[in-house]
2 protein chains.
Amino acid sequence: MVSEKTVERLSLYRRILQQLRVEGKETIMSHELANLLHIKPAQVRRDIMQLGYSGIPNSGYKIRPLLESIANFLDSPLPQSAVLVGVGHLGLALLANFAGRWRQLAIRAAFDKDPSKVGQTFHGCRCYPMYDLQKVIAETKSVVGILAIPGENAQSICDTLVQSGISGILNFSPLRIKVSENVFVEHVDLSATFEKVSFFARRMKHYAEEEKWKMENETTDDEYETIITKQ
Amino acid sequence: MVSEKTVERLSLYRRILQQLRVEGKETIMSHELANLLHIKPAQVRRDIMQLGYSGIPNSGYKIRPLLESIANFLDSPLPQSAVLVGVGHLGLALLANFAGRWRQLAIRAAFDKDPSKVGQTFHGCRCYPMYDLQKVIAETKSVVGILAIPGENAQSICDTLVQSGISGILNFSPLRIKVSENVFVEHVDLSATFEKVSFFARRMKHYAEEEKWKMENETTDDEYETIITKQ
DNA sequence: GTATAATTGTGAATTCTTGAACAAATTATA
DNA sequence: TATAATTTGTTCAAGAATTCACAATTATAC
Ligand SMILES: NC(=O)c1ccc[n+]([C@@H]2O[C@H](COP(=O)([O-])OP(=O)(O)OC[C@H]3O[C@@H](n4cnc5c(N)ncnc54)[C@H](O)[C@@H]3O)[C@@H](O)[C@H]2O)c1
Ligand SMILES: NC(=O)c1ccc[n+]([C@@H]2O[C@H](COP(=O)([O-])OP(=O)(O)OC[C@H]3O[C@@H](n4cnc5c(N)ncnc54)[C@H](O)[C@@H]3O)[C@@H](O)[C@H]2O)c1
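Residues numbered from 1 in each chain as written. Chains lettered and ligands numbered in written order. Predicted model: local features only at pLDDT ≥ 70, side-chain atom pairs only at ≥ 80, totals over all residues. Heavy atoms only, no water.

Our focus in this paragraph is the confidence of the model for chain A. Keep in mind that low pLDDT regions are not for reading the predicted coordinates in detail. With 94% of its residues at a pLDDT of 70 or more, chain A shows a mean pLDDT of 93. Across residues 222–231 of chain A, where pLDDT falls below 50, the model places zero contacts with residues more than four positions away in sequence or in other chains. (pLDDT = per-residue confidence, 0-100. Contact = heavy atoms within 4.5 Å.)

Written out as structure tokens, the structure is:
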């Protein structure tokens, strides 16, 4: 029904609106949100439409009820838990940001095969041994699993997660894991992303230099055109 | 000309092919790559077509020259450098993976406003003070900038990066930065991604439970249909 | 009040991406 | 050598996402 992209944008709208609200703003118009995100106003209106919330013509959207609508749409009625597998460099960074009991959505448990990490607490989150996976997922009623391990065992660990009741996976490993169709997987492949940025950076630079060249040789171009026209 | 998605997939193909090559495999067919990535063979063929490389009907692609074609297409002729701004939790994780002199594409310098980090070396990468940005970017001829700082100053730092010659930005901050059209920006918004996974995880679970319910009540459904039909 | 200006909600058009299908090409095999 | 079997390259259709454009609606100015 609702697309992934819409859900992502709703999440962005919310963050901006929360900020604007603490700054005292009470209403917002589609083109303001659009400008902040560098998208088109029609996109914003279309997304908000899907919430069932209606704005006021010639006036915009009331921020407070709009935020409520977004929360109503995006959030679980109950706080939602996630577990992290792999407390390495990346896993630690994720814990620093997403561990925390008070939040609506948070990492509530971590796992690692490294015995030196098991038993420790990182950013307020306990690290368990791998064989506790099923048990802890059940106890915390987690629905999201985050994979921050190398690709090798990602598939088998993913399978365990799914068997334990996880239905959404955020996969940072380079392996494209396979899941049954009732499990949602998001692949965040930072290496591929890095390469992509590098690729287009180079392209942009070439393009910019070409443009610059054209600008510098503009008069010459004109002369050339004149010659053509004259023929 | 070539789409972002295609570039991303080419990067994935390369990683898989490199692995397969060390395992001794010499040729590969579109459906094999497709199965590994859970996409359709036609997509693979289409992507490879754009490289200008041709496979052999009834035989597939030769891995070695295909890899060369991909490298030729994706990589800069010269090693390409990136700089990182923000050596916090996430920045450190990125350094752990992408710092390294020997690579074709790597983070060659880091920056932080925190004086306690400046001067230190993290994973082989030196951390410089912010006022060295322009100088170091020029020295390293970097084209990619990675932002791993809070949103507040992201825009102004981004502007400085662009002024210094950066034409590709990988932005991990929640702020959607604005750049001129000859600069490429990729936003990696981990909070929004996390929320998205959580959203669809919940949905999948509901869906699965509905399906299960339907399965269990299949006979009842049939009976109900019979009643309808009879009317 | 009425007119004016501005903004929403949304059908239609457009653009971008993926998928199905098949002729052409090539290998493997009989 | 001829035939069958298979995979590629590519066209065309389908699908998804975005953008346009405008009627409907509301606030504001006069
Ligand atoms: N850090 C980055 O910036 C970055 C960039 C690109 C890709 N990645 C990918 O993200 C993943 C994690 O990266 P990282 O830098 O944190 O790696 P890391 O090596 O620092 O950490 C991996 C952690 O996972 C644990 N682990 C390994 N195998 C395990 C298993 N079978 N079961 C449980 N725990 C296991 C290890 O003990 C370690 O703590 C890797 O797949 C990596 O390729 C990371
Ligand atoms: N770590 C995660 O998993 C995660 C998740 C979601 C979002 N993010 C985002 O990624 C960014 C970085 O996250 P983090 O966890 O590494 O944060 P962090 O607080 O651990 O690190 C931020 C680093 O940036 C430096 N910094 C801050 N302002 C700066 C400035 N103006 N100039 C130079 N350096 C500056 C700080 O000194 C610090 O070293 C943040 O925007 C955060 O919202 C991170």
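Don't stop here, the text continues.
The next thing to look at is the site of ligand 1. Residues in contact with ligand 1 amount to 24 residues; listed here are only the nearest, His89, Asp112, Lys117 and Ile149 of chain A together with Asn97 of chain B. Mapping the residues near ligand 1 onto chains gives chains A and B. At a separation of 2.8 Å, an oxygen atom of ligand 1 approaches a polar side-chain atom of Lys117 of chain A. A distance of 3.4 Å separates an oxygen atom of ligand 1 from a polar backbone atom of Phe172 of chain A. (Near = heavy atom within 4 Å. Polar contact = N/O pair within 3.5 Å; in protein donor to acceptor, adjacent residues only side chain to side chain.)

Quick look at the relation of the copies chain A and chain B now. Placing chain A over chain B gives an RMSD of 0.1 Å and needs a rotation angle of 180°, together with 0.0 Å of translation along the axis. Taken together, these values place the two copies in the relation of a two-fold axis. Here 100% of the contact residues of chain A are again contact residues in chain B; the copies associate through an equivalent surface. (Least-squares fit on C-alpha atoms with pLDDT ≥ 70 in both.)

Once that is clear, we can look at the packing of aromatic side chains. Summed over the entire model, instances satisfying the criterion amount to 12 aromatic pairs over all chains. Plain terms: the ring middles of Phe111 of chain A and Tyr128 of chain A are 5.7 Å apart, the flat faces sit at 35° to each other, and that makes the pair tilted. Here Phe111 of chain A, found in strand 4 (residues 105–111), pairs with Tyr128 of chain A, found in strand 6 (residues 125–128); they are 17 residues apart in sequence, far enough to count as distant. Taking relative accessible area as the criterion, Tyr128 of chain A reaches 21% and is therefore assigned partly exposed. Chaining the aromatic ring pairs together yields one cluster made of Phe73 and Phe184 of chain A together with Phe199 and Phe200 of chain B. (Phe/Tyr/Trp six-rings, centres within 6.5 Å; stacked < 30°, edge-to-face > 60°. Helix = DSSP H or I, 4+ residues; strand = E, 2+ residues; numbered from the N terminus. Buried < 20%, exposed > 50% of the residue type's maximum accessible area, 1.4 Å probe, protein only.)

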